[in-house]
Amino acid sequence: MKASLKGQALLLLAVNGLFVMAGALSGTFLNVYLWKSRQDYAMIGWFTLAQQLALGLSFWVAGKWVKEHNKMNALRLGIAVSGLFYMLVLWLGGKAVYYIWPLGCLLGVAIGLFWLAFNIVYFEITDAGNRDYFNGWIGLLGSLTGIVGPWMSGLLISYLHGERGYRVVFILSLSIYAIAAVLSFFLQKRKSEGVYRWSESWTQLRCSVHWRQASASLVFQGLREGVFSFLIGLLVYIAAKEESKLGQYMLITSGVSLISYWAAGKWFKPGYRSAGMLAGSIMLTVVISPLLWQVSYLTLLILGIGTSLFIPLYMLPMVSTSFDLMGETEETVSKRVELVVLRELSLMTGRVAGTMIFIAVLSISTSPRTMTLLLLALGAAPVGSWLFLRRLLSHGGDKSSA
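My aim in this report is to walk through the structure given alongside it, one point at a time. Every chain begins its residue count from 1, and numbering advances along the sequence as written. It should be noted that, the model being predicted, local features are given only for residues of pLDDT at least 70 and side-chain atom pairs only at 80 or more, the latter also being counted only at that level, while totals for whole chains, interfaces and linings use all residues. For side-chain calculations, the full set of non-hydrogen atoms in the structure is used, while hydrogens and water are omitted.

**A short note on the overall build of the chain**
Put simply, DSSP H or I for four residues or longer makes a helix, DSSP E for two residues or longer makes a strand, and each gets a number counted from the N terminus. Scanning the chain from terminus to terminus reveals 15 helices and 0 strands. Radius of gyration here uses only the C-alpha atoms, and the compact-globule reference equals 2.2 Å multiplied by the residue count raised to the power 0.38. Relative to the 2.2 N^0.38 estimate, which gives 21 Å for 402 residues, the radius of gyration of the chain is 20 Å and therefore close to what a compact globule would have. When the backbone C-alpha atoms are referred to their principal axes, the chain occupies close to 55 × 45 × 40 Å. Relative accessibility decides the category of a residue: with a 1.4 Å probe and only protein chains considered, values under 20% of the type maximum give buried, values over 50% give exposed, and everything between is partly exposed. Counting every position in the chain, which comprises 402 residues, the buried fraction comes to 57%. The criterion used for residue contact is that any of the two residues' heavy atoms lie within 4.5 Å. Here the analysis covers contacts within the chain between residues at least 6 apart in sequence; of these, 86% occur between residues at least 24 apart. Note on areas: Shrake-Rupley, 1.4 Å probe, and residue coverage restricted to the protein chains presented here. Of the roughly 16400 Å² that the chain leaves accessible, carbon and sulfur atoms contribute 68%.

**As for unusual backbone geometry**
Residues other than glycine seldom take positive phi values, yet lysine 241 does so here, at roughly 65°. Within the secondary structure, lysine 241 is located in the loop between helix 8 (209-240) and helix 9 (243-267).

**Section: empty space enclosed by the protein**
Buriedness for pockets is judged along seven lines, at least five of which must meet protein on both sides within 12 Å for an open set on the 1 Å grid over protein atoms alone, while cavities are sets there where a 1.4 Å probe fits but cannot get out, and lining residues have an atom within 4 Å of a point. Grid points are joined across faces, edges and corners, and a volume is the space filled by probe spheres set on the points. Evaluated as defined, the whole model comprises 2 cavities of 30 Å³ or more. Every residue along the wall of the second largest cavity is listed here: Val66, Lys67, Lys71, Ile120, Glu124, Lys191, Ser192, Glu193, Ser334, Arg336 and Val337. Where the lining of the second largest cavity is concerned, the elements lending two or more residues are helix 2 (41-68), helix 4 (100-125) and helix 13 (336-364). Just so you know the grouping, Ala, Val, Leu, Ile, Met, Phe, Trp, Tyr, Cys and Pro go in nonpolar, Asp, Glu, Lys and Arg go in charged, and all remaining residues, Gly too, go in polar. The residue inventory of the lining of the second largest cavity, partitioned by class, reads 3 nonpolar, 2 polar and 6 charged.

**Details of the nonpolar core**
Ranked by size, the top nonpolar core spans 115 residues in total, and within it Tyr41, Phe170, Leu231, Phe358 and Leu375 carry the most contacts. At 15 residues, helix 1 (residues 8-37) tops the list of elements feeding residues into this core. The contacts of leucine 375, once residues within four sequence positions are left out, are Phe228, Leu231, Ile232, Leu235, Ile288 and Leu291. By nonpolar core is meant a set of buried Ala, Val, Leu, Ile, Met, Phe, Trp, Tyr and Cys residues that side-chain atoms within 4.5 Å join together.

**Some thoughts on the environment of asparagine 135**
Tracing the chain through its elements places asparagine 135 in helix 5 (residues 131-159). Sequence separation between asparagine 135 and glycine 265 is 130 residues, and the spatial gap between their C-alpha atoms is 7.3 Å. Setting aside anything within four residues of it in sequence, one finds asparagine 135 in contact with Tyr122, Leu316, Val319 and Ser320.

**Topic: the side chain of arginine 343**
With respect to the element layout, arginine 343 can be found in helix 13. In this view, arginine 343 contacts Asn119, Leu218, Val319, Ser322, Phe323 and Met326; residues no more than four positions away in its chain are not counted.

**Considerations on the packing of aromatic side chains**
To pair, rings of Phe, Tyr and Trp, with the six-membered ring standing in for Trp, must have centres within 6.5 Å; the planes then decide the type, stacked if under 30 degrees apart, edge-to-face if over 60, and tilted in the middle. Tallied over the entire structure, the rule returns 20 aromatic pairs. Of the aromatic side chains, those joined through ring pairs into one cluster are Phe19, Tyr33, Phe85, Tyr86, Phe114, Trp115, Phe118, Tyr166, Phe170 and Tyr177. One cation-aromatic arrangement involves arginine 76 over phenylalanine 185; the distance from NZ or CZ to the ring centre is 4.2 Å. Working rule: Lys NZ or Arg CZ, within 6 Å of ring centre, within 35 degrees of ring normal, means a charge sits over the ring.

**A word on helix 8**
Multiplying 1.5 Å by the helix residue count minus one yields the expected span of that helix. Compared with an ideal rise of 1.5 Å per residue, which puts 32 residues at 46 Å, helix 8 spans 47 Å between its outermost C-alpha atoms and is within 8% of the ideal. Considering bend angle alone, the principal kink of helix 8 is centred on phenylalanine 228 and spans about 40°. Most of helix 8 sits out of view: 24 of its 32 residues are buried. Where helix 8 ends, the next residue or the one after it, lysine 241, has phi of about 65°, a positive value. Across the chain, bend at a residue is computed as the angle between axes fitted to the seven residues ending at that point and the seven starting from it.

Next up, the structure:
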């Protein structure tokens, strides 16, 4: 039977799209905004680290609320706190660089609350038969917002000359968060069940070989994305020296990503996960190599286009496999909140480790060569993900705990 999405799934995609759109409008240029106040890689690294720690911990702490009470309120609060973050940035202006830790923690909490609730609802309204299809649509929406958001922001910031442009962009994001919050009220209240087990993540790691494999693969995913999520955009701005160029970069790479996620959603079936993920992991490493020649707008664009082409081959198996593990048995379904928390804590561990490596290395040298070698080393982490996940990918029908 052909996979399809209806009703609540479509509404959830719409809320997701608006949330991601608001983030794409402002988030793409947030680090550039901070960088223009203080040219300090370590400062950007600490800001990111604060986000990552708060995000992971908010998943763990808010898990009790989401499981035992109203998960939709957690999703709405995540949207509201995201809006509050940008209100504070607007108010602080250039002084925001003096409040890196509290601002980073606030943004991390906002993102954590939203994605914890989103992931639980996503799991509840999908199954193994349409999960790859749903993931493909999430990727498509992410690519569409990545096309429109940064391109529009870059033009506005360049046309309105700096500070005024940033303020307009941040206000636009606030407005979109408000629309997303209103739309979220049309999502049905989901049934709460059971008691939240604070130590369930550690229990799963101790008792389930498959969750140990999945968690290790997620740590390697986090190693890469913890740094790539903020550094590539910043390097593009530093190389091009124009916000409009960064917007153009995001327009091109997101356009490629739109096509690749559409193709993956249409043709990438569960049986292809292992081979596809290995190929994608290798190519995500290979596309970094042009930076060994020169760190320029052109070589960064080659990296961006290559990443956009091959990231679905890596990400779709990563996401689908861990959620399939949650749906193995009635017992694992009943523990879905704790298992989503375990997934996020694993990602957080990798992100924090990658960011700490970034801060440590860049405190010694900020030369282009050092930056490239660091990106190459962290960029190879997806291969590690595949090594840990390959047995689950190859034997998807047999996931009994050991």
